[in-house]
Amino acid sequence: MIAVVCALLAAASNALASVLQRRAARCAPEEFAFRPALLWSLIRRPVWLAGIAALIAGFLLQALALSNGGLALVQPLLVAELPFTMILLARMSRIRLDRRTWVAVAAMTAGLAGFLAAASPTPGRHMPGTLDWVLAAIVTVGAIVAVVALSRLLSGTLRAAVLGASAGTGFAFTATFMKATTNLADQGMVVLLTSWEPYAMVGAGVGSVYLLQNALQSGTLVAAQPALTITDPVASVVYGVTMFGEGVRSGPWVIIEVAGFALILFGSVRLSQSRPIRMQAETETA
């Protein structure tokens, strides 16, 4: 329960961070994309710094959740970030959500509950070895580089969605280092500070935040957030099972698990198509 509560609080903090960072990033010139000037422009905006503070709070809550549960349990719960984001965006922009939006939120909630109930994730049986980390790093970095290269050929909504997916993959990989770091913390501060995993976590986290800023600068929040929210838990479940030996139920349960993810995907798409939120996002962009 500690892992579940902390993961949901982390999702709420991340949602607040996304809304605040988007408000700052939408004002950055398009030519700043993938340049240090983007961060230099953002760091001088108080609303962006508030978003970073919320992101750090979410990071710490996520670490606490991972110290009490596995990737396959904690990361799917972060899907709640999307409905939290849309509700916060509506509240802060003073717009009323229609019935279709609430149906989408209900679909995501039901899908998440169904997936977790069917998968019944169990803690990892082992820690990744050197070969596991090397292979995971090669595949992850290669995938992100390919997606970023593709994004350079796109613009607007598609570019924001593609970069959102790359950021989600980066945050999922960061969570693997976070999980390893929380395990090292049990062995004492000396072991923690002399191990490479904490520093890899920081590096991967900073890189993922940079990808997120480019996604938010490229298009509306409702374009980037669904791709980010869906990619993170899917990649995290794969990392948890293949690297940490975490267990999820197979057999007939897979049907319910797939149905749960399908509901989450359906709710995400419907949320991104919410008329009140899209109108507000387009107005802010204009």
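Please read these numbers as outputs of a predicted model, since none were measured by experiment.

Parameters at a glance
- Residues numbered from 1 in each chain as written.
- Predicted model: local features only at pLDDT ≥ 70, side-chain atom pairs only at ≥ 80, totals over all residues.
- Heavy atoms only, no water.
- Helix = DSSP H or I, 4+ residues; strand = E, 2+ residues; numbered from the N terminus.
- Buried < 20%, exposed > 50% of the residue type's maximum accessible area, 1.4 Å probe, protein only.
- Patch = residues over 30% accessible without salt bridge, like charges linked within 9 Å, V, L, I, M, F, W, Y side chains within 5 Å.
- Areas by Shrake-Rupley, 256 points an atom, 1.4 Å probe, with all protein chains shown as cover.
- Salt bridge = Lys/Arg side-chain N within 4 Å of Asp/Glu carboxyl O.
- Core = buried A, V, L, I, M, F, W, Y, C linked by side-chain atoms within 4.5 Å.
- Contact = heavy atoms within 4.5 Å.
- Axes fitted to C-alpha atoms, helices over the stretch in contact; angles between N-to-C directions.
- Parallel < 35°, antiparallel > 145°, perpendicular 65-115°, else oblique.
- Left-handed = near helix turned anticlockwise from the far one by under 90°.
- Nonpolar A, V, L, I, M, F, W, Y, C, P; charged D, E, K, R; others polar.
- pLDDT = per-residue confidence, 0-100.
- 1 Å grid on protein atoms, 1.4 Å probe; cavity = no way out; pocket = protein on both sides within 12 Å on 5 of 7 lines; lining within 4 Å.
- Points joined across faces, edges and corners; volume = space filled by probe spheres on them.
- Expected span 1.5 Å × (residues − 1).
- Lys, Arg positive; Asp, Glu negative; His and termini not counted.
- Phe/Tyr/Trp six-rings, centres within 6.5 Å; stacked < 30°, edge-to-face > 60°.

Asker: Help me get a handle on the overall build of the protein chain, residues and values and all.
Answerer: For the protein chain, the count of helices and strands is 13 helices and zero strands. Among the 286 residues that make up the protein chain, the fraction classed as buried is 52%.

Asker: Go over a nonpolar patch on the surface, please, and point to the residues and values.
Answerer: Residues Met1, Val5 and Leu9 make up a contiguous nonpolar surface patch of about 330 Å² in total accessible area. With respect to the helices and strands, leucine 9 occurs in helix α1 (residues 2-25).

Asker: For the environment of leucine 49, give the residues involved together with the corresponding values.
Answerer: Its place among the elements puts leucine 49 in helix α3 (residues 46-68). Its relative accessible area of 42% is what places leucine 49 among the partly exposed residues. Taking C-alpha positions, leucine 49 is 8.1 Å from glutamine 21, a pair spaced 28 residues apart along the chain.

Asker: Can you tell me about unusual backbone geometry, naming the residues and giving the values?
Answerer: A positive phi angle, near 45 degrees, is found at serine 120, a position not held by glycine. Structurally, serine 120 is set in the loop between α6 (99-119) and α7 (130-151).

Asker: Quick one: what's the story with the nonpolar core, residue by residue and with numbers?
Answerer: One finds Tyr239 and Leu271 to be the most contacted residues of the largest nonpolar core, which totals 39 residues. Not counting residues within four places of it along the chain, the set of residues in contact with tyrosine 239 comprises Leu71, Thr140, Thr169, Ala172, Phe173, Thr176 and Phe244.

Asker: Describe the environment of glutamine 225, with residues and values.
Answerer: For glutamine 225, the location among the structural elements is in helix α11 (residues 221-244). Ignoring anything within four residues of it in the chain, the contact list for glutamine 225 reads Ser18, Glu81, Leu82 and Thr85.

Asker: For the packing of α3 against helix α8 (residues 156-185), give the residues involved together with the corresponding values.
Answerer: Between α3 and α8, whose axes approach to 9 Å, the crossing angle comes to 60 degrees. What the angle tells us is that α3 and α8 run oblique. Considering how the two elements wind past one another, α3 and α8 form a crossing that is right-handed. Contact with α3, carried on its side by Phe59, Gln62, Ala63, Leu66 and Ser67, involves Thr174, Ala175, Met178, Lys179 and Thr182 of α8 and no other residues of that element. When its residues are assigned to classes, the contact of α3 with α8 shows five nonpolar, four polar and one charged.

Asker: Tell me about the packing of α8 against helix α10 (residues 197-218), and please be specific about residues and values.
Answerer: In contact at an axis separation of 8 Å, α8 and α10 are set at 165 degrees when each is read in the N-to-C sense. In terms of orientation, α8 and α10 fall into the roughly antiparallel class. The two elements α8 and α10 cross, and the hand of that crossing is left-handed. Each residue belonging to the contact of α8 with α10 can be placed in one class, and the counts come to 16 nonpolar, ten polar and two charged.

Asker: If you had to explain the confidence of the model for the protein chain to someone new, which residues and values would you point to?
Answerer: Confidence in the prediction of the protein chain, expressed as mean pLDDT, is 83, and 88% of residues score 70 or more. Of all helices and strands in the protein chain, the one with the weakest mean pLDDT is helix α13 (residues 275-285) (59), whereas α7 scores best (93).

Asker: Explain the layout of surface pockets to me, and be specific about the residues and the numbers.
Answerer: In this model, the largest pocket occupies a volume close to 530 Å³. In this structure, the largest pocket is lined by 26 residues; those nearest its centre are Leu55, Phe59, Phe171, Gly205 and Val209. Elements supplying a minimum of two residues to the lining of the largest pocket: α1, α3, α8, α10 and α11. When residues of the lining of the largest pocket are assigned to their parent elements, the largest contribution, seven residues, is made by α10.

Asker: Please provide a residue-by-residue account of α6, values included.
Answerer: Across its 21 residues, α6 extends 30 Å between first and last C-alpha, which sits within 8% of the 30 Å expected from 1.5 Å per residue. Within α6, burial applies to Thr101, Ala104, Val105, Ala107, Met108, Gly111, Leu112, Phe115, Leu116, Ala118 and Ala119. Once α6 finishes, serine 120 follows within two positions and takes phi at roughly 45 degrees, a positive value.

Asker: If you had to explain the side chain of glutamate 257 to someone new, which residues and values would you point to?
Answerer: Mapping glutamate 257 onto the fold places it in helix α12 (residues 253-272). Buried and unpaired, glutamate 257 has arginine 249 as its nearest opposite-charge partner, separated by 5.8 Å. What glutamate 257 contacts, discounting residues up to four positions off in sequence, is Phe115, Ala118, Ala119 and Arg249.

Asker: For the packing of aromatic side chains, give the residues involved together with the corresponding values.
Answerer: Applying the stated criterion across every chain yields a total of seven aromatic pairs. For the ring pair phenylalanine 177 and tryptophan 196, a centre distance of 5.9 Å and an interplane angle of 80 degrees mean the geometry is edge-to-face. One end of the pair, phenylalanine 177, is in helix α8; the other, tryptophan 196, is in the loop between α9 (189-193) and α10, and 19 residues separate them in sequence. Judged by its relative accessible area of 6%, phenylalanine 177 falls in the buried class.

Asker: Would you mind going over α8 in detail, with residue names and values included?
Answerer: The end-to-end C-alpha distance of α8 is 42 Å, a good match for the 44 Å that 30 residues give at a rise of 1.5 Å each. Of all 30 residues in α8, 23 are buried; the element is thus mostly enclosed.

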